[in-house]
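Below are the chains, spelled out letter by letter.
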Amino acid sequence: MGDDAVDGDSDADLAQNDGQRFGRLPATADERTVEGRVSREAVVDYFADRFAIPPETFDDYTFWEKGAGKIWIYSGSAPSPVEIEAIGMTCLRTRQEHWKPTTDFVQRFGREAGECVIELEPDEARAFAAGEDRELERWEGDWGYLIAAHEIAGELEPIGVGLYVHGELRSMVPKGRQREL
């Protein structure tokens, strides 16, 4: 039995993705033991490349996968694997064509972003928070997932994740978090 095996799990069991168990992301792809699991390096690189969030932002965090491609971020460390309901917060969905950051992640770390942030006017921000999609021809950056933000008290505050395609900003604010402001 390997050092990471717990409670009767064999090394073969730990090399499988289990939707009931969190597994820490390997530091690099070369250290991967679960097929399809992304590495910490890939996650940090994604946030740096897409949103210009400095990699050192995540120095005190660990990244975990539970299920297929649901990545969680945790401030601290824990034994791996671990069978619990939640650890930290979800931050990224990776097992789809385009990786998608979560609303929670954007609201917590979006202030660190230097790219792919779209500043919304007051009426646009209200519509976005309510879950409405809007035509926005002024965006000149990449298509894909963006951080939608609005100035509050002189600071640019992230609202959530938007998907920008064909001149339209689609609100990805989950239905349960949408608000009429």
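It should be emphasised that the depicted structure is a prediction, and the values quoted were computed from it without experimental measurement.

A. Expanded view of the overall build of the protein chain. The helix and strand tally for the protein chain stands at four helices and 10 strands. If you list the helices and strands of the protein chain from N to C, you get α-β-α-β-β-β-β-α-β-α-β-β-β-β. Here the protein chain, with 181 residues, has 45% of them falling under the buried criterion. Of the contacts made within the protein chain by residues no fewer than 6 positions apart, 53% connect residues no fewer than 24 positions apart. Here the protein chain displays about 9800 Å² of accessible surface, and carbon together with sulfur accounts for 44% of that area.

B. Representation of the nonpolar core within the structure. Judged by nonpolar contacts, the single largest core of 39 residues is most densely connected at F47, F58, F63 and L120. Every element with two or more residues in this core is listed here: α2 (40–51), β2 (61–65), β3 (70–75), β4 (89–93), α3 (103–109), α4 (122–129), β8 (144–152) and β9 (155–165). Beyond its immediate stretch of four places on either side in the chain, L120 contacts A125, F128, L136, R138, A148, A149, H150, I159 and L169. F22, W72, A78 and V82 belong to the second-largest nonpolar core, a separate cluster that totals six residues.

C. Molecular detail of a negative patch on the surface. A cluster of acidic side chains, namely D30, E31, E41, D45, D49 and E115, defines a negative patch on the protein surface. As for its placement among the helices and strands, E115 is situated in the loop between α3 and β6 (117–119).

D. Fine view of the pattern of salt bridges. Overall, the coordinates contain eight salt bridges when judged by the stated rule. Here R37 ties to E65 by a salt bridge, and the two come within 2.6 Å at their closest N and O atoms. Of this pair, R37 sits in the loop between β1 (23–24) and α2 while E65 sits in strand β2, and the two are 28 residues apart along the sequence. Residue R37 shares its accessibility class with E65, and that shared class is buried. Residue R134 is joined to E132 by a salt bridge in which the shortest nitrogen-to-oxygen separation is 3.9 Å. We classify R134 as partly exposed; its relative accessible area is 31%.

E. A look at the sheet that holds β4. Ordered in space as β1-β2-β3-β4-β5, the five strands form an open sheet in which the pairing is antiparallel. Across the chains shown, the open sheet's two edge strands, defined by having one partner strand only, are β1 and β5 (100–101). In the sheet, β3 pairs with β4 via four bridges, with the strands oriented antiparallel. Looking across to β4, one finds that W72 is bridged to T90. Sheet strands touched by α2: β2, β3, β4 and β5. Its angle to β2, the strand with the most contacts, is close to 110 degrees.

F. Region of the structure containing the sheet that holds β9. Spatially, the five strands line up as an open sheet ordered β6-β8-β9-β10-β7, and their pairing is mixed. Each edge of the sheet is formed by a strand with only one pairing partner; in this case those strands are β6 and β7 (134–135). Of the pairings in the sheet, the one linking β9 to strand β10 (residues 168–171) comprises four bridges and is antiparallel in character. From the neighbouring strand, L163 faces β10, where its bridge partner is R170. Relative to the sheet, α4 contacts β6, β7, β8, β9 and β10, its axis offset from that of β9 by approximately 65 degrees.

G. Examining empty space enclosed by the protein more closely. Summed over all chains, the structure comprises one cavity of 30 Å³ or more. In this structure, the largest cavity occupies an estimated 30 Å³ of space. What lines the largest cavity is L120, E124, F128, E132, R134, L136 and L169.

H. The arrangement of the pairing of β10 in detail. In the sheet, β7 pairs with β10 via two bridges, with the strands oriented antiparallel. Counted as the bridge partner of R134 is L169 from β10. Linking β9 to β10, which pair antiparallel, is a turn of two residues; within it H166 sits at a positive phi near 50 degrees.

The rules we used
Residues numbered from 1 in each chain as written. Predicted model: local features only at pLDDT ≥ 70, side-chain atom pairs only at ≥ 80, totals over all residues. Heavy atoms only, no water. Helix = DSSP H or I, 4+ residues; strand = E, 2+ residues; numbered from the N terminus. Buried < 20%, exposed > 50% of the residue type's maximum accessible area, 1.4 Å probe, protein only. Contact = heavy atoms within 4.5 Å. Areas by Shrake-Rupley, 256 points an atom, 1.4 Å probe, with all protein chains shown as cover. Core = buried A, V, L, I, M, F, W, Y, C linked by side-chain atoms within 4.5 Å. Patch = residues over 30% accessible without salt bridge, like charges linked within 9 Å, V, L, I, M, F, W, Y side chains within 5 Å. Salt bridge = Lys/Arg side-chain N within 4 Å of Asp/Glu carboxyl O. Lys, Arg positive; Asp, Glu negative; His and termini not counted. Charge placed at Lys NZ, Arg CZ, Asp CG, Glu CD. Pairing = 2+ DSSP bridges. Axes fitted to C-alpha atoms, helices over the stretch in contact; angles between N-to-C directions. 1 Å grid on protein atoms, 1.4 Å probe; cavity = no way out; pocket = protein on both sides within 12 Å on 5 of 7 lines; lining within 4 Å. Points joined across faces, edges and corners; volume = space filled by probe spheres on them.

Any functional reading would require information that these geometric values do not contain.
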